Amino acid sequence: MTWVKDLAKPLVIGLVIREFLAPFTGHPWDFEIWVRLGVLLQSGTNPYSLLPSVSGLSFAPYASMTSISYPPLPALIFAVIYRLYTVLGSVSPFLYYFLLKQPMVLSDALVALLLFRLLALRGDEDRARKIASLWLYFPFAVIVSAMWGALDPIALLLTLAALYSFESNRTNLSAVFLGFAVFMKLMPVIFLPVFLIDRRLTLNRIPFVATAIAIPALGTAIPTLVFGWGFFNFYNAVSYQADLPAFGGMSIFFPLAFTTPPDLLASALGSLWLPALLLGYVFLWNKKFGLAEGLLVTVLIFSASRTAVPEQWAVYPMALLLVTLGGEVWRHFVAITGIASAFLVTNNALLVRFFSPSSLAAFNWDQYVDNASAFSDFRYALLVAFSTLFFAEGISVITGKKSFLFAKLKAISAVSARGVLPSLVYLGIVSVTGGLLDFTVTKMITDWKLAIESHVFLGLSWLSLYHIMLVVVFESVAFIVVSFSWKNFSQSVGLLILLTSLNVAASGLALVIFNLLDGAPILATTPIYLAGSLVVSERFFLTFVLLTCGLGILYLAEIRWSVLLVPKALRRAFQAVR
């Protein structure tokens, strides 16, 4: 039991940090729901209905809020906590917030101890102590549990407990822990097939499934029937999670949040995770992964195929990477932690919103920065960039490749000023030419109503056709440059992708030059009529064309690989037909 003594100091310090933050912080949406649920369930309120504000306890100024979209266990826990709060005399809302955070805070600390036990099973107690200490001081885990008040630390703890019990040959107990993980939050149900794939279960698969499913099923059905909540709202909440129509978070589909995709496409993408997981389970069965590695691959496949991936979900791959730590895995852990932390800080406006329980000004500032400030477009651009990096790093883990982020950082560090100069010269020439041309042409327009509202060809206006013409002209220049570069086909494709990315950036820089010539503000909310019904602000356009250029250059090798697959696939198809 020397490990208990060795972990006593980091355990105490880690708990003190978390408990210090717990009373005064909280996510203004998620944690506010917990605040309202704890109170409203006392009067028999359906936890799957709209939740009104609670006088004296609510800190977020929403008149009503949608509620949970998973089983009722957390709602029941928060109801018990509110009852404890009233028994203690309802001293202060901050005491209530403190009590509500205890399941998350204590679970997060216990995650560290389970990480120790899981690693100790592999015979390396020295590493186990270091990993457990790391988690106790881990800023991302502290923010998610003590500041955010998210449920994921509880679900993660139960999932790791299921893993530890299974590895300790206590499969019945493992099924119980997994069942409660699903009862807490539906997401861990994706791990059930991974346990069933493990060949150590042999004839115990049916009891394992029955136990893991019965706990959330009965745990949901019994209070629903007893309290008369009805199953309709619960079904709507669960079906929303199954066919998610929203785009956002650390999902590769985040950019679609700025568009309105067809309903059929949105529905298909919202359900993409299901066939992706089924293929993932087949992959795991064939490759014979270990259980911890299988859980890691599963959660990353799920994240890669979801249209919305909350950043707090990153605690699952982070913890599972620590369990499987060794070799390249450490770099994957650092990369995923860095990307998810950057996303967390950016998405939550430098963490200011988490201080909403103790300051309405923090809430109002967050709302302003999120929606109305000059930084909002830049913030969204960063989120798109981080979401693509999270996807790419996850794919590198799934496929057993080296860390994507570290590989890109190494490639960037190897770039010389001399190597960048031709690209900068090309960018400067196209930007200046485009800006001067745009300024000259627009000054010749005398009837803007006709230019914007006319329907000349395929429903497009004169202005739309002009913008399309500019794209064709500058892409033609790129093709001419590639044609005279005397490179092989693969190199030519890479050069074309690079020049196209620079053309995209040049369109934004040309707008800056145009505004300078016109004496207008460089970053404004003035609308730009691009093509058809596509209208964006100048600030949005500049931010996102620069982002697109940056991502195009960053993923140049991957885009070139995808493009080169097309002729190979066509050639093979033609040979098969012959």
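Up top is the structure these notes are about.
What you see is a predicted model; the values in this text were computed from it and never measured.

Cut-off values and rules
- Residues numbered from 1 in each chain as written.
- Predicted model: local features only at pLDDT ≥ 70, side-chain atom pairs only at ≥ 80, totals over all residues.
- Heavy atoms only, no water.
- Helix = DSSP H or I, 4+ residues; strand = E, 2+ residues; numbered from the N terminus.
- Rg over C-alpha atoms; globule rule 2.2 N^0.38 Å.
- Contact = heavy atoms within 4.5 Å.
- Areas by Shrake-Rupley, 256 points an atom, 1.4 Å probe, with all protein chains shown as cover.
- Lys, Arg positive; Asp, Glu negative; His and termini not counted.
- Charge placed at Lys NZ, Arg CZ, Asp CG, Glu CD.
- Buried < 20%, exposed > 50% of the residue type's maximum accessible area, 1.4 Å probe, protein only.
- Expected span 1.5 Å × (residues − 1).
- Patch = residues over 30% accessible without salt bridge, like charges linked within 9 Å, V, L, I, M, F, W, Y side chains within 5 Å.
- Salt bridge = Lys/Arg side-chain N within 4 Å of Asp/Glu carboxyl O.
- Phe/Tyr/Trp six-rings, centres within 6.5 Å; stacked < 30°, edge-to-face > 60°.
- Lys NZ or Arg CZ within 6 Å of the ring centre and 35° of its normal.

(A) Just the overall build of the chain, in detail. When helices and strands are tallied, the chain shows 25 helices and 6 strands. Taken over the C-alpha trace, the chain has a radius of gyration of 27 Å; the compact-globule value for 578 residues is 25 Å, and the two agree within 12%. In terms of overall dimensions, the chain has C-alpha extents of about 75 × 60 × 50 Å along its principal axes. Taking the intrachain contacts of the chain between residues at least 6 apart in sequence as the baseline, contacts between residues at least 24 apart amount to 72%. Per element, the accessible surface of the chain, about 27,200 Å² overall, is 71% carbon and sulfur. The distance from the centre of the 36 positive side-chain charges to the centre of the 27 negative ones in the chain is 11 Å.

(B) Structural detail: unusual backbone geometry. Backbone geometry at asparagine 169 places phi at a positive 65°, although glycine is not the residue there. Within the secondary structure layout, asparagine 169 lies in the loop between helix H7 (152–167) and helix H8 (171–184). Accessibility expressed as a relative area gives 66% for asparagine 169, which makes it exposed. A positive phi angle, close to 45°, is found at alanine 349, a residue other than glycine.

(C) Examining helix H14 (residues 291–305) more closely. Between the first and last C-alpha of H14 there are 21 Å, a value that for 15 residues agrees with the 21 Å anticipated at 1.5 Å per step. For H14, the buried fraction is high: 14 of the 15 residues fall into the buried class.

(D) Local environment of the environment of leucine 201. Counting through the fold element by element, leucine 201 comes out in the loop between helix H9 (192–197) and helix H10 (205–226). Separated by 178 residues in sequence, leucine 201 and arginine 379 have C-alpha atoms that sit 47 Å apart. Residue contacts for leucine 201: discarding those within four places in its chain leaves Phe166, Thr171, Phe195, Leu196 and Phe208.

(E) Spatial organisation of a nonpolar patch on the surface. A cluster of nonpolar side chains, contributed by Leu450, Val456, Phe457, Leu458 and Trp462, occupies part of the molecular surface with about 560 Å² of accessible area. Tracing the chain through its elements places phenylalanine 457 in the loop between helix H21 (448–453) and helix H22 (462–483).

(F) Quick peek at the packing of aromatic side chains. For the structure on display, the rule yields 33 aromatic pairs. Seen from their ring centres, phenylalanine 540 and phenylalanine 544 are 4.3 Å apart, and the 20° between their planes marks the pair as stacked. Here phenylalanine 540 and its partner phenylalanine 544 are both found in helix H24 (residues 538–554), 4 residues apart, which amounts to about one turn of the helix. On the accessibility criterion, phenylalanine 544 (12% relative accessible area) is buried. One aromatic cluster in this structure is built from Phe24, Phe31, Phe59, Tyr82, Tyr85, Phe94, Tyr96 and Tyr97. Just above the ring of tryptophan 285 sits the side chain of arginine 199; from NZ or CZ to the centre is 4.0 Å.

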